[in-house]
Amino acid sequence: MGQTVLVDQAFVQPQEHRPKTVVSDADDIPLIDLSPLSSDSDVTSAPETLLAQVEAACRDWGFFQVINHGVSPELLRKAEATQREFFALPDEEKRKVRQDEQNALGYYEAEHTKNVRDWKEVFDIIAHEQDEIDVVGLVLKNKWPQVPLGFRETFEEYAKSVEKLAFRLLELIALSLNLPPKKLNIFFEKANSLLRLNYYRPCPNPDLVLGVGRHRDPGALTVLYQDSTGGLDVKRQSDGEWIQVKPISNAFIINVGDTFQVWSNDKYTSAEHRVSVNSEKDRISIPFFLQPASCTNVRPLEELTDDKNPAKYNEYSYGEFIRARKDGNLKKLEVQNIQIDHFKRAQ
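Residues numbered from 1 in each chain as written. Predicted model: local features only at pLDDT ≥ 70, side-chain atom pairs only at ≥ 80, totals over all residues. Heavy atoms only, no water.

The name that an unreviewed UniProt entry assigns to the chain is 2-oxoglutarate (2OG) and Fe(II)-dependent oxygenase superfamily protein, with the source organism given as Rhynchospora pubera. Per UniProt, the comment on the chain under Sequence similarities (unreviewed entry) is "Belongs to the iron/ascorbate-dependent oxidoreductase family." (UniProt positions renumbered as here; feature names shortened; annotations may be inferred.)

> Please explain the packing of aromatic side chains as it appears in this structure.
The geometry of two aromatic rings is summed up by the distance between their centres and the angle between their planes. Per the stated rule, a full pass over the model turns up 21 aromatic pairs. Taken together, a centroid distance of 5.1 Å and an interplanar angle of 70 degrees make the contact between Phe123 and Phe151 edge-to-face. Of this pair, Phe123 sits in strand S7 (residues 121-126) while Phe151 sits in helix H4 (residues 151-176); the two residues are 28 residues apart in sequence, bridging distant segments of the chain. Residues Phe123 and Phe151 agree in their burial class; the two are buried. Judged by centre distance (6.0 Å) and plane angle (75 degrees), the ring pair of Phe321 and Phe343 falls under edge-to-face. Of this pair, Phe321 sits in helix H6 (residues 318-330) while Phe343 sits in the segment after H6, and the two are 22 residues apart along the sequence. For Phe343, a relative accessible area of 17% corresponds to the buried category. Aromatic ring contacts, followed pair by pair, group Phe86, Phe87, Tyr107, Phe123, Trp144, Phe151, Phe155, Tyr158 and Tyr199 into a single cluster. Across from the ring centre of Trp242, 4.3 Å away, lies the NZ or CZ of Arg274, which sits over that ring. (Phe/Tyr/Trp six-rings, centres within 6.5 Å; stacked < 30°, edge-to-face > 60°. Helix = DSSP H or I, 4+ residues; strand = E, 2+ residues; numbered from the N terminus. Buried < 20%, exposed > 50% of the residue type's maximum accessible area, 1.4 Å probe, protein only. Lys NZ or Arg CZ within 6 Å of the ring centre and 35° of its normal.)

> Hey, could you run me through the nonpolar core in this one?
Here is a general trend for soluble globular proteins: nonpolar side chains tend to be buried in one another's company. If you look at the biggest cluster of nonpolar residues, it comprises 80 residues, and the most contacted ones within it are Tyr158, Leu169, Phe252 and Phe260. If one sorts the elements of this core by residue count, H4 sits on top with 14 residues. Apart from residues lying up to four places away in sequence, Tyr158 is in contact with Leu75, Leu76, Ala79, Leu195, Tyr225, Phe252 and Ile286. Formed by 21 residues, the second largest nonpolar core is a distinct cluster that contains Cys203, Leu208, Leu232 and Ile243. (Core = buried A, V, L, I, M, F, W, Y, C linked by side-chain atoms within 4.5 Å. Contact = heavy atoms within 4.5 Å.)

> Where do I start with the pattern of salt bridges in this structure?
Side chains that differ in sign of charge can pair as their charged atoms come close. Summed over all chains, the structure comprises 24 salt bridges. Across the salt bridge formed by Asp118 and Lys120, the nearest N and O atoms sit 3.9 Å from each other. With respect to class, Asp118 is no different from Lys120; both count as buried. Put simply, Glu156 and Arg152 hold a salt bridge, and the shortest N to O gap is 2.9 Å. One end of the pair is Glu156 and the other is Arg152, both in helix H4 and 4 residues apart, which spans about a single turn. Arg152 gets classed as partly exposed once you look at its relative accessible area, which sits at 34%. Each member of the salt-bridge network shares a partner with another, and the members are Glu111, Asp118, Lys120, Asp124 and Arg196. (Salt bridge = Lys/Arg side-chain N within 4 Å of Asp/Glu carboxyl O.)

Below you can see the structure in the form of structure tokens.
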């Protein structure tokens, strides 16, 4: 007899992309201790050993974990508790702040990746003092729920703290490319940075579905906190094997996004990743997506190209790119969502 399918077919992954029963576990995933940097020190004081670790992680993996990063454990606990309280609300309460095609912020439960529905619920927040941004004519404005109490204050505090960490990492990575540490900061003066709350409930068919299908993040960097359940899988560049990232208490997972891959002219690679689910435990995560301003034209940096290493990508508008990506998140499309490979030059 065949397997009993207990989920809607919209969630079922194509055979070749279904998670294996056992995903490899690796202890060599980079773990970087940021304690050599005090919270107020300039990143130019970073020891060469730290910069070498960052360079190797971005080059060989496209992601790494960091500890002693300056974000307080108390804030992490508060954010996790508040997030769980929101997703435990009745569906009708959560839908009061539901996303729509005019404003893709707030709560959503029907997101797609690669045109397959994800087994998750999300809540999206623009990490911006003005509480709204303009993405190529599409105005996005935060939708704050009335309950739980303190929701807005908690995640505004969280976003501010994690954004500070993200910029320190941005500057460290710039240094690892032999660039001035603040070389890239100009692209973030009107940033599109996004905070997302993910909730993955237990799934009766975890071998058929994914919490999030395989994908790469479009921005510069992602700074992700996950709880102790685990489920984040990253594709190892050396052999294409899916590796499960073991949760480390109070650590953040950092992954290089598409924008950095283009800026670095493929020296650093955007990490392909996905989320597996299980039948017993729920899971939460909180990614912070550091994204450049909509007006940014993304192209390989001049300092990293020359006659021997010419630019591998054509220039593209980040605002138009991200808007096209959002269209494919909200609904199933008949074509593949836009990727940076669309801008790759023939060599």
